[in-house]
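Topology and contacts: notes
Okay, here's what each chain looks like letter by letter:
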Amino acid sequence: MCSRVASVIVLKSDAELNKLYAANQIVARTLRLLSEKIEPGMTTAALDALAEQTIRAEGAEPAFKGYHGFPSALCISINEQVVHGIPGKRRIKNGDVVSLDVGVLLDGFYGDAALTVPVGDIAPAARKLLRVTEESLYKGIEKAVPGGRLADISAAVQQHVEDHGFSVVRDFVGHGIGRSLHEDPQIPNFYSPAAFNPRLKAGMVLALEPMVNQGTHKVRVLHDGWTAVTQDGKLSAHYEHTVAVTAEGPWILSRLDGR
Ligand code: MG
């Protein structure tokens, strides 16, 4: 995972940030549409088709499709599934919590964001998990400022999650993003004194993505080679934004219409 070896973090120009913003706004609009359309009875394949259609209609390409052989535009991870669930025949049910992760490529630059959608009536404990996970993302984003350290982000996310009795996944981490979907640095959602801990600079673009479990932080990958699930079968949630570090503070490129 993370190492002490110095990595190359590519700083983006203002023109490049604007391109990243355009790509991430397509991600944001796609996630909004999916959140509006998701309902009990719908198959995950139907949601995936809607995502791909929306992305292509915007003139972009679905970034995940074909990435290391991933078959779909969308990662859909339900309940105890953590990340990288593959869309298919499964039907969404009332009470499910459904994590939707979208990536696009537009004009040479990538956008990447995710959220967990409650379907119908979900249990209060599930609602709390979603709230705390989204809050932890924003705790991390607050630390994405010039002069700070990467580990400030990791520690802020972990602190908030553990203060509420949940755990952060160790096996998957956030990442730099730009002309590649995954660039340096890796961004763990937990503090480790051994992790690469560069000072943050204006022009860095970071995809922050806490994956938070109700129970153990431990996960395993199913035989499909992709779907990560919690080892104890309890729920997991995932929120992600692509964020630029700027002199004016964090710029959330994947937030709809906004800074
Ligand atoms: Mg990501």
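Here goes a summary of the coordinates provided. (Residues numbered from 1 in each chain as written. Predicted model: local features only at pLDDT ≥ 70, side-chain atom pairs only at ≥ 80, totals over all residues. Heavy atoms only, no water.)

Topic: the coordination of the magnesium ion
Donor atoms from the polypeptide that coordinate the magnesium ion comprise Asp112 (OD), His175 (NE2), Glu209 (OE) and Glu240 (OE), at 2.1 to 2.4 Å from the metal. In primary sequence terms, the donor set of the magnesium ion follows D-x62-H-x33-E-x30-E. Within this pair, whereas aspartate 112 is found in strand β5 (residues 109–118), its partner histidine 175 is found in strand β7 (residues 174–176), the two being separated by 63 residues in sequence. Each member of the pair aspartate 112 and histidine 175 is classed as buried. (Donors = N, O, S within 2.8 Å, 3.2 Å for Na, K, Ca; no water. Helix = DSSP H or I, 4+ residues; strand = E, 2+ residues; numbered from the N terminus. Buried < 20%, exposed > 50% of the residue type's maximum accessible area, 1.4 Å probe, protein only.)

Here we look at the packing of helix α3 (residues 124–142) against helix α4 (residues 150–163)
The interhelical angle for the contact between α3 and α4, taken along N-to-C directions, is 155°, at an axis separation of 8 Å. Taken together, the axes of α3 and α4 are roughly antiparallel relative to one another. The hand of the α3/α4 crossing is right-handed. Contacts between α3 and α4 involve Val132, Glu135, Ser136, Lys139 and Gly140 from the first element and Ile153, Ala156, Val157, His160 and Val161 from the second. (Axes fitted to C-alpha atoms, helices over the stretch in contact; angles between N-to-C directions. Parallel < 35°, antiparallel > 145°, perpendicular 65-115°, else oblique. Left-handed = near helix turned anticlockwise from the far one by under 90°. Contact = heavy atoms within 4.5 Å.)

With respect to helix α2 (residues 44–57)
The terminal C-alpha atoms of α2 lie 20 Å apart, and with 14 residues this matches the ideal 20 Å at 1.5 Å per residue to within 8%. Among all positions in α2, only Thr44, Leu47, Asp48, Leu50, Ala51, Glu52, Thr54 and Ile55 are buried. Those residues of α2 that are buried lie in contact with α1 (14–37), β1 (61–62), β2 (74–78) and β4 (97–106). At the exit of α2 stands glycine 59, carrying a positive phi of roughly 85°. (Expected span 1.5 Å × (residues − 1).)

What to know about the nonpolar core
Membership of the largest hydrophobic core comes to 29 residues, with the highest contact counts inside it found for Ile153, Leu206 and Leu208. For this core, the secondary-structure elements that each account for two or more residues are α3, α4, β9 (205–208) and β14 (241–246). Broken down by element, this core gets its largest block of residues, six residues, from α3. (Core = buried A, V, L, I, M, F, W, Y, C linked by side-chain atoms within 4.5 Å.)

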